[in-house]
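Chain by chain, the residues run as shown.
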Amino acid sequence: MKKRVLYWLQNDLRISDNVILSELEHFNGELDLIYVIEPRWFKQSNYQQRPVGKHRYRFLIQSLQAFSNAVEALGQTLHVVTGEPEVVIHERIKKHGISTLVCTEQVGYYEQKQLKKITELCPELDIKTYQQDTLFTAPDLPFSVADLPKNFTAFRKKVEAEPAAIAAPRDAVSRLPHPVQLCPAQPIPDAVTEPESVSGGLFAAQQHCQHYFSSPAPACYKETRNELDGFSNTTKFSLWLAGGSISAKQVYAEVEHYEHINGANESTYWIKFELLWREYFKWHAKHVGRQLYRFKGQKKTAPLTTFNSQRFASWCQGTTPFPLVNAIMHELNETGYISNRSRQIAASCLVNELAVDWRFGAAYFEQQLIDYDVAANWGNWQYIAGVGVDPRGGRHFHINKQTALYDPTGCYIRKWQGDKTVSRVVDIYDAADWPLNE
Ligand SMILES: Cc1cc2nc3c(=O)[nH]c(=O)nc-3n(C[C@H](O)[C@H](O)[C@H](O)COP(=O)(O)OP(=O)(O)OC[C@H]3O[C@@H](n4cnc5c(N)ncnc54)[C@H](O)[C@@H]3O)c2cc1C
């Protein structure tokens, strides 16, 4: 029997710059490509939310369909199966004599735990993981992950001072090994299409990339990046980076290509700067493990916030006393995307004005965001809540000031009807119920 390899796809749904597919391109055995949809994604978590909401699910299904079409053209089949990954993979391995499992290395604590369980269940299995969701691999970094700098600026300065070459993105694979002839692929569920929304998948990602870098937008990114609204004010790559329809290395290389053709400026540098933020949060998540979800994060004391169902519900629904925050939450609920500035304002409001435990906000973003990324989401929430990697110990975005700066004419608030749902009451000073430790 030919050697059989199972590739467990996760946030790497692309055929170009996919190190695993490139390594398998000339493999002489058989290949089983699987993606696992987990039932727990649609059940309530500890924070009253579902890990995957409707916007991300739509985008994911589109990404799976696009990947499936791409590999089908190379004679392969993507199997999308439902279940607990460790159970599904264990069964498949046993039943079909698979000797090797390959997957992209995950930085999240619980995602790593799933792989550990597979290792325990299948001691004979050869497991290979690849770091391909980051710009660098661990050996490229000028320090060990255990010695990761404590804040972003120190990290950036170190990687910029001793620049490790970012590996050039790999070309799209042009062939793949034969599929393991196990069973026909289950059809991928249909995606609910929404007329005005962006589409998921590797083709849409490539199209967006071509469109963005053939426009003048990258040359003025730094001036526009803090706007609340407007598609080309920021790159929007997070939408496709999260599921891996495009890689960070590909985006980085596109910025450098743009600089080569059009000249570099502060704005083009700033896109790379933001990609370094993403990078930092990835390594940070790997470094801190479970602490990424801890109420007090990396700090010794817990914040003076708690859970209050009424305040939390008003934040989620966009019925707080703050029109700007309401508008932001309406946009999030309707589209699955809000700008970085909007995320900062909404997160700061939950923590500082409404005094609610930041983890409930992080879980709500996890459910609602199309571009949810474990490292960026929980890392940024900890940062704002003052329990993460912010050297200043938390951020308070004053809502009136933010409104005056970013929505001086009230256009954004009107567009998302933030002024129509204002509640007059917020009982923030209920000292009896705080603080609550972990
Ligand atoms: C509370 C909060 C939660 C967040 N949750 C997520 C999340 O779940 N997933 C996610 O990808 N980003 C998250 N971010 C970071 C940031 O808001 C988004 O990456 C950005 O808004 C995506 O839009 P863009 O691609 O147009 O970004 P651009 O401004 O065009 O930036 C380019 C790329 O740089 C990276 N980037 C930019 N800012 C950050 C940042 N602060 N942290 C990490 N990476 C960054 C992203 O990959 C982004 O695609 C969060 C920020 C906050 C404050």
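Residues numbered from 1 in each chain as written. Predicted model: local features only at pLDDT ≥ 70, side-chain atom pairs only at ≥ 80, totals over all residues. Heavy atoms only, no water.

Under an unreviewed UniProt entry, the chain has the name Cryptochrome DASH and belongs to Pseudoalteromonas lipolytica. What the UniProt record of the chain gives under Function (unreviewed entry) is the line "May have a photoreceptor function." The record in UniProt for the chain states the following under Sequence similarities (unreviewed entry): "Belongs to the DNA photolyase class-1 family." (UniProt positions renumbered as here; feature names shortened; annotations may be inferred.)

1. Structural notes on helix 16 (residues 399–406)
Turning to helix 16, its buried residues are I399, Q402, T403 and Y406. When helix 16 is viewed along its axis, its buried side chains cluster within an angular range of 100° and face the same direction. Structural note: helix 16 exposes N400, K401, A404 and L405 on the side pointing more than 90 degrees away from its buried face. The secondary structure elements touched by the buried residues of helix 16 are helix 12 (323–335), helix 13 (340–353) and helix 17 (411–415). (Buried < 20%, exposed > 50% of the residue type's maximum accessible area, 1.4 Å probe, protein only. Helix = DSSP H or I, 4+ residues; strand = E, 2+ residues; numbered from the N terminus. Arc of directions from axis to C-beta. Contact = heavy atoms within 4.5 Å.)

2. With respect to the packing of helix 13 against helix 16
Angle between the axes and distance between the axes: these two values describe a pair of packed helices. In the contact formed by helix 13 and helix 16, the axes pass within 11 Å of each other and the chain directions differ by 165°. Taken together, the axis directions place helix 13 and helix 16 in an arrangement best described as roughly antiparallel. Between helix 13 and helix 16 lies a crossing of left-handed hand. Residues R341, I345, C349 and E353 of helix 13 lie in contact with helix 16, whose contacting residues are I399, Q402 and Y406. Taken together, the residues that form the contact of helix 13 with helix 16 break down as four nonpolar, one polar and two charged. (Axes fitted to C-alpha atoms, helices over the stretch in contact; angles between N-to-C directions. Parallel < 35°, antiparallel > 145°, perpendicular 65-115°, else oblique. Left-handed = near helix turned anticlockwise from the far one by under 90°. Nonpolar A, V, L, I, M, F, W, Y, C, P; charged D, E, K, R; others polar.)

3. What about the pairing of strand 5 (residues 126–130)?
The pairing of strand 4 (residues 100–104) with strand 5 spans five bridges and is classified as parallel. Note that in strand 5 the partner of T104 across the bridge is Y130. Crossover connection from strand 4 via helix 4 (residues 109–121) to parallel strand 5: handedness right-handed. (Pairing = 2+ DSSP bridges. Right-handed = clockwise from strand over helix to strand, strands pointing away.)

4. Details of the domain arrangement of the chain
Taken as a whole, the chain is organised into domain 1 (4–133), domain 2 (204–293) and domain 3 (309–433). Put simply, the middle of domain 1 and the middle of domain 3, counted by C-alpha atoms, are 33 Å apart. When the two sides are added together, the surface that domain 1 and domain 3 hide from each other amounts to roughly 1300 Å², 59% of it contributed by carbon and sulfur. Counting the surface domain 1 buries against domain 3, the share from its top three residues, Y47, H55 and R56, is 49%. (Domains from an automatic or database assignment. Buried area = accessible area lost by both parts, 1.4 Å probe.)

5. Quick look at the nonpolar core
Residues F155, W315, W358, W378 and W381 are the most contacted members of the largest nonpolar core, which totals 88 residues. In terms of residue count, the dominant contributor to this core is helix 10 (residues 266–288) (11 residues). Ranked by size, the runner-up nonpolar core spans 31 residues in total, among them L21, F27, A66 and F67. (Core = buried A, V, L, I, M, F, W, Y, C linked by side-chain atoms within 4.5 Å.)

6. A look at unusual backbone geometry
Despite not being glycine, Q48 shows a phi value in the positive range, around 70°. Within the secondary structure, Q48 is located in the loop between strand 2 (30–37) and helix 2 (54–72). One non-glycine residue, K236, lies in positive phi territory at about 65°. Tracing the backbone shows K236 in the loop between helix 7 (221–224) and helix 8 (238–241).

7. So, the packing of aromatic side chains
Counting across every chain of the model gives 34 aromatic pairs. Ring geometry for F42 versus Y57: centroids 5.3 Å apart, planes at 85°, classification edge-to-face. In this pair, F42 sits in the loop between strand 2 and helix 2 while Y57 sits in helix 2, placing the two residues 15 residues apart along the sequence. Lying over the aromatic face of W270, K222 brings its terminal NZ or CZ to 4.4 Å of the ring centre. The side chain of K236 reaches across the aromatic face of F231, ending 5.4 Å from its centre. (Phe/Tyr/Trp six-rings, centres within 6.5 Å; stacked < 30°, edge-to-face > 60°. Lys NZ or Arg CZ within 6 Å of the ring centre and 35° of its normal.)

8. Description of the pattern of salt bridges
Overall, the coordinates contain 18 salt bridges when judged by the stated rule. The partner of K249 in a salt bridge is D17, and the shortest N-O contact between them spans 3.9 Å. With K249 in helix 9 (residues 248–262) and D17 in the loop between strand 1 (4–9) and helix 1 (19–24), the pair connects residues that are 232 residues apart, well separated along the chain. Using a relative accessible area of 8% as the deciding quantity, one classes K249 as buried. With relative accessibility at 0%, the residue D17 sits in the buried group. Notably, a salt bridge pairs E86 with K117, separated by 3.4 Å at the nearest N-O pair. Taken as a pair, E86 in helix 3 (residues 85–96) and K117 in helix 4 lie far apart in primary sequence, 31 residues in all. Judged by relative accessible area, which is 38%, K117 ranks as partly exposed. A cluster of three or more residues bridged by salt bridges with shared partners is formed by D133, R278, K282 and D373. (Salt bridge = Lys/Arg side-chain N within 4 Å of Asp/Glu carboxyl O.)

9. Some remarks on the site of the ligand
Around the ligand, the structure places 26 residues, and the nearest of them are Y221, T234, T235, K236 and N340. With respect to the ligand, the backbone of S238 contributes an N or O atom lying 3.0 Å from an oxygen atom. Residue N377 places a side-chain N or O atom 3.3 Å away from a nitrogen atom belonging to the ligand. Listed by contribution, the elements that provide at least two residues to the shell around the ligand are helix 8, helix 10, helix 13 and helix 15 (374–385). Residues belonging to the shell around the ligand are distributed by class as follows: 12 nonpolar, eight polar and six charged. Residue contributions to the shell around the ligand reach at least three from each of two domains, namely domain 2 (204–293) and domain 3 (309–433). (Near = heavy atom within 4 Å. Polar contact = N/O pair within 3.5 Å; in protein donor to acceptor, adjacent residues only side chain to side chain.)

10. Re the packing of helix 11 (residues 309–317) against helix 14 (residues 358–368)
Interhelical geometry of helix 11 versus helix 14 gives an angle of 30° and a closest axis separation of 11 Å. The angle between helix 11 and helix 14 falls in the class roughly parallel. With respect to the hand of their crossing, helix 11 and helix 14 are arranged in right-handed fashion. Contact residues: F312, W315 and C316 in helix 11; F360, G361, Y364 and F365 in helix 14.

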